[in-house]
Amino acid sequence: MHPIVTITSGAVRGRTEGGVSRFLGIPYAAAPVGPRRFRLPEPVPAWDGVREATAFGGTCAQSPYPAPIHALIGSDGIPGDDYLNVNVWTPDPGAAGLPVLVWIHGGAFVRGSNARDIYDGTAFARDGVVLVSINYRLGISGFAAVEGAPLNRGLHDQIFALRWVRDNIAAFGGDPGNVTVFGESAGGMSVAALIAAPQTAGLFRRAIMQSANGAVAADADDAGRVAAALAAELGIQPTARDFGELGPEQLRAAQNAVALAVMTDPDPQRWGPSIVTQGLGIMSLFPVRDDDIVPGPPTAVLAAHPDRTVPLIAGTTADEFRFFTVPTGITAAVTEQTLPFVLARYGIDPAVAEVYANGRPGLRPDQLFNAILTDWCFRSGTREFADATVAAGAATHVYEFAWETGIPDLGACHVLEVPFVFDALAGAHTLTGEHPPQELATEIHRAWVDFATHGDPGWEPYTAAAPRVRRFDAPESRTVTDPGAAELAALRASVPVP
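Quick caveat, the model's predicted, so the values are computed rather than measured.

Student: Before we go on, may I ask you to explain the pairing of strand β4 (residues 20-27) in this structure?
Tutor: The side chains of a regular strand alternate between the sheet's two faces. Burial runs high along β4: seven of the eight residues are buried. Following strand β3 (residues 15-17), the chain reverses through two residues before pairing antiparallel with β4; G18 in that reversal takes a positive phi of roughly 60 degrees. When β4 meets strand β6 (residues 85-90), the two strands line up antiparallel, connected through five bridges. Looking across to β6, one finds that P27 is bridged to N85.

Right, here's the structure in full:
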């Protein structure tokens, strides 16, 4: 079957298989190429006739992941100018009032797309939810602070896409008044920024923040230093006009060079303190304070504007940072002798390692390093964002994904929960190993469906008096109270956590 749906820009033809209709690669904004690359998103021109929506659309130009990461999750890159596009999966385009989930992909704000197998929305549609996945501008195009261009163009794209959902999702059977936005990693950080942004009021009812941090927002002057370094790498001035005259290959090469420089030489005097701390040691291009959609770090904005909060699920995996250090061989250099020095590189008091060693006896020095960096980059900032949501009076649920992959030494690493959330394990064995537990995917996927449908994921809420955390694991998940409290306290006392 090939259902046809009419939206604000024209008619689109999708495909129905197994009771699920999918519409792929629908542009929600004009192609951001040529003069539009550094402008705010603009409406997509209407088309005549019926547009085919049976294949994924283009993706923002990006470099492949380094080989060790590519081996785990692959890389993205579909050519095409109309890369500001959405995919929609629905159980019935002729229905009405179905809950809606809008997915924002991760990739450190420089990589990723909505076309990954582990983001397939079939299982959500099978279970009565309309799933929308979006693309947005990445890297220099989306987040470089260049003269003559608005800041945070990638976030503006996301807001534009949410407005597209508001205006069009009823045509796919969805309820524009029951939208939940969710994302992982850079997508989760985007979710935090969108919650705090004043322009998103009424665009979504609930939110899910996976493996993120609520404090990510670079200072504009610091972001300008990164843009100047990019321009110097290219031999141009850091202006929208000069950047706009270059092709994707040139931009990618400069972007990669500066990203590597920030990671290998995280000097606050060179890059500015916000790039080093709020870039979490792994990002050089990310949202920037702009007195517009990013008035400040999202956690701080919520504290000042509690009316912007929405019901929230927020959580992390248990071993986030192993994703970045184990495949690349970085952990091999972390020994008992080098651990104090690598912690100091991030401004962390080496004495914190003693607290972690006492709470997790038997861990090797490299495992202690990864545990500390997991908390520094992800868990602490997630818990603080949850605390701000609780303080504002919104229902809050916190989780930890603790099941360990079958890939040696990765543990419960970054990205690992995503194929479980989407109930899409078949396309994830390079990350999960050969025998991931289907019952765990069924459980966590159902929790996300229930939250999107009626706001209750099925475990007790996180509160100031009882900070409960749902620990997803196999063969059995359980709810625990305030796990790792002593470790987080020691970490926060030793260094300002991003």
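Student: I tried to follow the pattern of salt bridges on my own but got confused; where do I start?
Tutor: Between side chains of opposite charge, a pair can form when the charged atoms approach closely. Within this structure, the stated rule accounts for 22 salt bridges. Between E384 and R492 there is a salt bridge; the shortest N-O distance is 3.4 Å. With E384 in helix α15 (residues 365-391) and R492 in helix α19 (residues 485-494), this residue pair connects regions lying 108 residues apart in the sequence. For the salt bridge of E443 with R470, the shortest nitrogen-to-oxygen distance reads 3.3 Å. Residue E443 is found in helix α18 (residues 438-454), and its partner R470 is found in strand β13 (residues 468-472); the two are separated by 27 residues along the sequence. Of the residues examined, R470 reaches a relative accessible area of 18% and is grouped as buried. A cluster of three or more residues bridged by salt bridges with shared partners is formed by R360, D375, R379 and E487.

Student: Explain the packing of helix α14 (residues 352-359) against α15 to me, please; I cannot follow it from the model alone.
Tutor: In helix packing, the relevant descriptors are the interaxial angle and the interaxial distance, both defined with respect to the helix axes. Running from amino to carboxyl end, α14 crosses α15 at an angle of 105 degrees, the nearest separation of the two axes being 10 Å. Considering the angle they form, α14 stands roughly perpendicular to α15. For the pair formed by α14 and α15, the contact residues are V352, A353, Y356 and A357 on the first element and L368, A371, I372 and D375 on the second. Along the lines of polarity and charge, the residues of the contact of α14 with α15 split into seven nonpolar, no polar and one charged.

Student: I keep staring at the sheet that holds strand β12 (residues 396-401) and nothing clicks. Help me out?
Tutor: Sheet strands associate in pairs through backbone hydrogen bonding, adopting either a parallel or an antiparallel arrangement. Strand order in this open sheet of 11 strands is β3-β4-β6-β8-β7-β9-β10-β11-β12-β13-β14, and the pairing throughout is mixed. The sheet terminates laterally at β3 and β14 (478-481), the two strands that pair on one side only. For this sheet the average axis-to-axis angle between neighbouring strands, irrespective of direction, equals 20 degrees. Contacts from α15 reach β10 (206-210), β11 (312-317), β12 and β13, with the element oriented near 165 degrees to β11.

Student: Help me understand the packing of aromatic side chains, please; the structure alone is not making it clear to me.
Tutor: Each aromatic ring pair is summarised here by two numbers: the centre-to-centre distance and the angle between the ring planes. For the structure shown, the criterion picks out 23 aromatic pairs. Plain terms: the ring middles of F182 and F422 are 5.8 Å apart, the flat faces sit at 20 degrees to each other, and that makes the pair stacked. One end of the pair, F182, is in strand β9 (residues 174-184); the other, F422, is in the loop between α16 (418-421) and α17 (429-432), and 240 residues separate them in sequence. Given the relative accessible area of 0%, F182 is considered buried. Measuring from centroid to centroid gives 5.4 Å for F321 and F324, while their planes differ by 50 degrees, and the two rings are tilted. Note that R51 overlies the ring of W47, its terminal NZ or CZ placed 5.1 Å from the centroid. One cation-aromatic arrangement involves R111 over Y65; the distance from NZ or CZ to the ring centre is 5.0 Å.

Student: Would you mind showing me how to read the side chain of N178 here?
Tutor: Examined against the element boundaries, N178 turns out to sit in strand β9. Among the residues examined, N178 registers a relative accessible area of 7% and is labelled buried. Not counting residues within four places of it along the chain, the set of residues in contact with N178 comprises P99, V100, R205, R206, A452 and T453.

Cut-offs used in this document
Residues numbered from 1 in each chain as written. Predicted model: local features only at pLDDT ≥ 70, side-chain atom pairs only at ≥ 80, totals over all residues. Heavy atoms only, no water. Buried < 20%, exposed > 50% of the residue type's maximum accessible area, 1.4 Å probe, protein only. Helix = DSSP H or I, 4+ residues; strand = E, 2+ residues; numbered from the N terminus. Pairing = 2+ DSSP bridges. Salt bridge = Lys/Arg side-chain N within 4 Å of Asp/Glu carboxyl O. Axes fitted to C-alpha atoms, helices over the stretch in contact; angles between N-to-C directions. Parallel < 35°, antiparallel > 145°, perpendicular 65-115°, else oblique. Contact = heavy atoms within 4.5 Å. Nonpolar A, V, L, I, M, F, W, Y, C, P; charged D, E, K, R; others polar. Phe/Tyr/Trp six-rings, centres within 6.5 Å; stacked < 30°, edge-to-face > 60°. Lys NZ or Arg CZ within 6 Å of the ring centre and 35° of its normal.

Function cannot be inferred from these measures alone, as they are strictly geometric.
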